[in-house]
Amino acid sequence: FNHFNWGGYLIWSLPEYPVGMDGRTNLYGEERLQRAYDTWNGIGWETDSDLLAAGVLLLCVEMKLALLDRLREAGDRWRVAYEDQVAVVFVPIR
């Protein structure tokens, strides 16, 4: 699961892995784009089917999106697998 700003880079650098979304917004439809926007802003993220199906969540620290705080607070569902000044990688606790 990634923000669409990083999707193109991820497709290029890790072609063997699927991305959650990329900048080709016309491929995803208005409903999915709105759900993604809400999720990144911490609204309804607990029920986002794309987020719940993800095996890895890649968040950009610089964007300061509300989802980062929500995931940190949900320590029983997600754990930080990697973190630096650029990104935080979460994986689900199963």
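Residues numbered from 1 in each chain as written. Predicted model: local features only at pLDDT ≥ 70, side-chain atom pairs only at ≥ 80, totals over all residues. Heavy atoms only, no water.

A.B. asks: Which residues make up helix α2 (residues 29-40), and what values go with them?
C.D. replies: The end-to-end C-alpha separation of α2 is 17 Å, in line with the 16 Å expected for twelve residues at 1.5 Å each. Contacts made by the buried residues of α2 are with α3 (49-53), β1 (57-60) and α4 (66-73). Phi for Gly42, located one or two positions after α2, is positive at around 80°. (Helix = DSSP H or I, 4+ residues; strand = E, 2+ residues; numbered from the N terminus. Expected span 1.5 Å × (residues − 1). Contact = heavy atoms within 4.5 Å.)

A.B. asks: Before we move on, could you go through the nonpolar core and cite the residues and values that matter?
C.D. replies: The biggest cluster of nonpolar side chains holds 19 residues, and the ones touching the most others in it are Leu57, Leu59, Leu67, Leu71, Trp78 and Phe90. Looking at this core, the elements that each hand over two or more residues are α2, β1, α4 and β3 (87-92). Leu59 has contacts with Trp6, Trp40, Leu67, Leu68, Leu71, Val86, Ala87, Val88 and Phe90, leaving out every residue within four places of it along the chain. (Core = buried A, V, L, I, M, F, W, Y, C linked by side-chain atoms within 4.5 Å. Buried < 20%, exposed > 50% of the residue type's maximum accessible area, 1.4 Å probe, protein only.)

A.B. asks: Help me get a handle on the pattern of salt bridges, residues and values and all.
C.D. replies: As enumerated under the stated definition, the model contains five salt bridges in all. Between Arg35 and Asp50 there is a salt bridge whose closest N-O contact spans 2.7 Å. With a gap of 15 residues between them, Arg35 in helix α2 and Asp50 in helix α3 connect regions that are remote in the sequence. You can call Arg35 partly exposed: its relative accessible area is 26%. Taking the shortest distance from any N to any O, the salt bridge between Arg72 and Glu83 comes out at 2.5 Å. Of this pair, Arg72 sits in helix α4 while Glu83 is found in strand β2 (residues 78-83), placing the two residues eleven residues apart along the sequence. Put simply, Arg32, Arg35, Asp48 and Asp50 are held in one network by salt bridges that share partners. (Salt bridge = Lys/Arg side-chain N within 4 Å of Asp/Glu carboxyl O.)

A.B. asks: How would you sum up the side chain of Asn2? Please name residues and give values.
C.D. replies: Here Asn2 shows up in the segment before α1 (4-13). A distance of 2.7 Å separates a polar atom in the side chain of Asn2 from the backbone nitrogen of Gly20. Reaching out from Asn2, the side chain makes a polar contact with the backbone oxygen of Met21 at a distance of 2.8 Å. (Polar contact = N/O pair within 3.5 Å; in protein donor to acceptor, adjacent residues only side chain to side chain.)

A.B. asks: Run through the sheet that holds β2, naming residues and quoting values.
C.D. replies: Across the sheet, which stays open at both edges, the three strands sit in the order β1-β3-β2 with antiparallel pairing between neighbours. Single-partner strands in this sheet number two, and they are β1 and β2. Neighbour-to-neighbour, the strand axes of the sheet open up by a mean angle of 30°, direction not taken into account. By the bridge criterion, five bridges tie β2 to β3 in an arrangement that is antiparallel. (Pairing = 2+ DSSP bridges. Axes fitted to C-alpha atoms, helices over the stretch in contact; angles between N-to-C directions.)

A.B. asks: Any chance you could break down the packing of aromatic side chains for me, citing the residues and the numbers?
C.D. replies: Counted by the stated rule, this structure contains two aromatic pairs. Their ring planes at 45° and their centres at 6.0 Å tell us that Tyr9 and Trp12 sit as a pair that is tilted. Taken as a pair, Tyr9 and Trp12 lie in helix α1 at a separation of three residues, close to a single helical turn. Of the residues examined, Tyr9 reaches a relative accessible area of 51% and is grouped as exposed. Its relative accessible area of 66% is what places Trp12 among the exposed residues. (Phe/Tyr/Trp six-rings, centres within 6.5 Å; stacked < 30°, edge-to-face > 60°.)

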